[in-house]
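# Structural description and commentary
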Amino acid sequence: MMSLPSFWVIIYLILGGILAGISASAASFASLISYPLLLSVGIPPVFANVTNDGALIWNSLGSILSSLKELNGHWREVFYYAFYTVIGSVIGCFLLLRFPGKVFERVVPFFILLAAAMIIISGHHQPTLHERTPSVMMKIWSPIGLVLVGIYAGYFGAASGIVVLVLLTYVMNENFMVTNAVKNAVGAFTNLVALIIYALTSTIYWFDAIPMAVGMFIGGYIGPIIVRHVSATLIRWVIAILAVIQAIIYFKQAYF
């Protein structure tokens with residue numbers, strides 16, 4: 001049964017949400033902080049993942065509000081790409097709700113390892129303007145890739161934003177700021193659809209989601225300011241190492 005968290009738990013969730021919001025600015029890493037944060041206050045794994053969506057939407061909203069300038073003139077592209085990720089998100093939500101919680105617990109360590117790899121890989125290759133010109137094959141395969149990413153985002157989602165960003169980098173002939181803004185908007189629609197589905201079909205611990213959402217909104221706002229003054233490479237490696245440690249802990253809990 002859900003109960004109102006204590007004052008100190010609320011503060012704990014707000015501070016953790018701020019860290020998650022900041023990490024989202026650095027490497028789309030929010031879920032790898034917010035998900036274990038919810039586990040630590042006693043929410044079961046599947047419900048922690050569902051509740052996480054209830055908080056993530058506010059991080060996405062903050063990102064959109066701060067990127068309206070870059071999104072101007074690109075909303076048609078946002079809706080086009082979001083169409084495919086939303087289809088995948090619906091499938092991912094169904095998979096999460098359809099299979100027992102034990103299945104989710106067993107696959108989460110591998111998802112986290114995948115996220116860690118994506119964080120490192122995404123920092124190694126920055127396409128040139130020529131490479132960013134979308135090829136015919138990329139235009140054909142990118143919708144399939146977006147659906148697959150949407151499935152992952154609906155099911156668990158940690159670092160899914162990185163994959164979307166990489167795909168959009170190759171199909172949009174725009175600068176990084178515009179591409180990243182479109183990625184944030186696409187992620188917002190994907191999270192919103194997942195949240196609606198979970199709100200209607202599962203249990204969201206709103207008393208825990210709301211204070212964490214407040215923190216995420218704050219973190220999403222101050223994150224870009226902090227990231228400008230810290231080495232992006234250092235941030236990515238710290239995040240990746242922490243992700244591997246998390247994966248080991250969850251693997252041990254699930255299999256031993």
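So, here's what we can say about the structure. Residue indices begin from 1 for each chain and proceed along its sequence in written order. Confidence filtering applies because this is a predicted model: local features only for residues at pLDDT of at least 70, side-chain atom pairs given and counted only at 80 or more, and all residues used for totals across whole chains, interfaces and linings. Hydrogens and waters are ignored; side-chain quantities use all the structure's heavy atoms.

In this section: the packing of aromatic side chains. For this analysis, a ring pair means two rings from Phe, Tyr or Trp (six-membered ring only for Trp) whose centres lie within 6.5 Å, classed as stacked if their planes differ by under 30 degrees, edge-to-face if by over 60, and tilted for the remaining angles. Overall, the coordinates contain 19 aromatic pairs when judged by the stated rule. Geometrically, the ring pair formed by Phe110 and Phe251 is edge-to-face, given 6.0 Å between the ring centres and 90 degrees between the ring planes. A residue pair is termed long-range when its members are at least 10 positions apart, and Phe110 in helix 6 (residues 101-122) and Phe251 in helix 12 (residues 232-255) qualify at 141 residues. Buried, partly exposed and exposed residues are distinguished by accessible area as a fraction of the type maximum, computed with a 1.4 Å probe on protein chains only: under 20%, between the cut-offs, and over 50%, respectively. Residue Phe110 is classed as partly exposed on the basis of its relative accessible area of 45%. Through a chain of ring-to-ring contacts, three or more aromatic side chains come together here, namely Tyr35, Phe104, Phe111, Tyr152, Tyr155, Phe156 and Tyr250. In this analysis the charged atom, NZ for Lys or CZ for Arg, is taken to sit over a ring once it is within 6 Å of the ring centre and within 35 degrees of the ring normal. Cation over ring: Arg98 sits above Phe99, and NZ or CZ is 6.0 Å from the ring centre. Secondary structure counts use DSSP, requiring at least four H or I residues in a row for a helix and at least two E residues in a row for a strand, with both numbered from the N terminus.

Right, let's talk about the packing of helix 9 (residues 160-171) against helix 10 (residues 176-201) for a bit. To get an axis, a line is fitted to the C-alpha atoms, and for a helix only the part in contact is used. The angle between two axes follows their N-to-C directions and goes from 0 to 180 degrees. As a packed pair, helix 9 and helix 10 sit with axes 9 Å apart at the nearest point and diverge in direction by 130 degrees. In terms of axis orientation, helix 9 runs oblique to helix 10. The chirality of how helix 9 crosses helix 10 is right-handed. Between helix 9 and helix 10, the residues in contact are Gly161, Val164, Leu165, Leu168 and Thr169 and Phe176, Thr179, Asn180, Val182, Lys183 and Val186, respectively. Under the grouping applied here, Gly and all other residues not named as nonpolar or charged are polar, the nonpolar ones being Ala, Val, Leu, Ile, Met, Phe, Trp, Tyr, Cys and Pro and the charged ones Asp, Glu, Lys and Arg. Its residues placed into classes, the contact of helix 9 with helix 10 shows 6 nonpolar, 4 polar and 1 charged. Convention used here: angles under 35 degrees read as roughly parallel, angles over 145 as roughly antiparallel, angles from 65 to 115 as roughly perpendicular, and any remaining angle as oblique. It is the rotation of the near helix from the far one that decides the hand of a crossing: anticlockwise by less than a right angle makes it left-handed, clockwise makes it right-handed. Here, residues are in contact when the closest pair of their heavy atoms is within 4.5 Å.

Another aspect to go through is a nonpolar patch on the surface. Patch membership requires over 30% relative accessible area and the absence of a salt bridge. Like charges are linked within 9 Å, and nonpolar side chains (Val, Leu, Ile, Met, Phe, Trp, Tyr) within 5 Å. Surface exposure here means Shrake-Rupley accessible area, sampled with a 1.4 Å probe, where a residue is shielded only by the protein chains that are shown. By definition here, a salt bridge exists when the distance from a side-chain nitrogen of Lys or Arg to a carboxyl oxygen of Asp or Glu is within 4 Å. On the surface, Ile226, Val230, Leu234, Trp237, Val238, Ile241, Leu242, Ile245 and Ile249 cluster together into a nonpolar patch covering about 780 Å² of accessible area. Per-element tally for the nonpolar patch: the top contributor is helix 12, with 7 residues. Counting through the fold element by element, Trp237 comes out in helix 12. On the accessibility criterion, Trp237 (43% relative accessible area) is partly exposed.

Structurally, Leu167 can be placed in helix 9. As a C-alpha pair, Leu167 and Leu146 span 21 residues in sequence and 7.8 Å in three-dimensional space. Excluding anything up to four places from it in sequence, Leu167 contacts Gly145, Leu146 and Val149.

This brings us to helix 9. A rise of 1.5 Å per residue sets the reference length of helix 9, with its 12 residues, at 16 Å; its end C-alpha atoms lie 17 Å apart and thus fit the reference within 8%. A large share of helix 9 lies buried, amounting to 9 of its 12 residues. For helix 9, every residue scored as buried is listed here: Ser160, Gly161, Ile162, Val164, Leu165, Leu167, Leu168, Thr169 and Val171. For a helix, the expected span equals 1.5 Å multiplied by the number of residues minus one.

In this fold, Asn59 is placed in helix 3 (residues 45-65). Judged by relative accessible area, which is 8%, Asn59 ranks as buried. Excluding residues that lie within four positions of it along the chain, Asn59 makes contacts with Gly21, Ala24, Met216 and Gly220.

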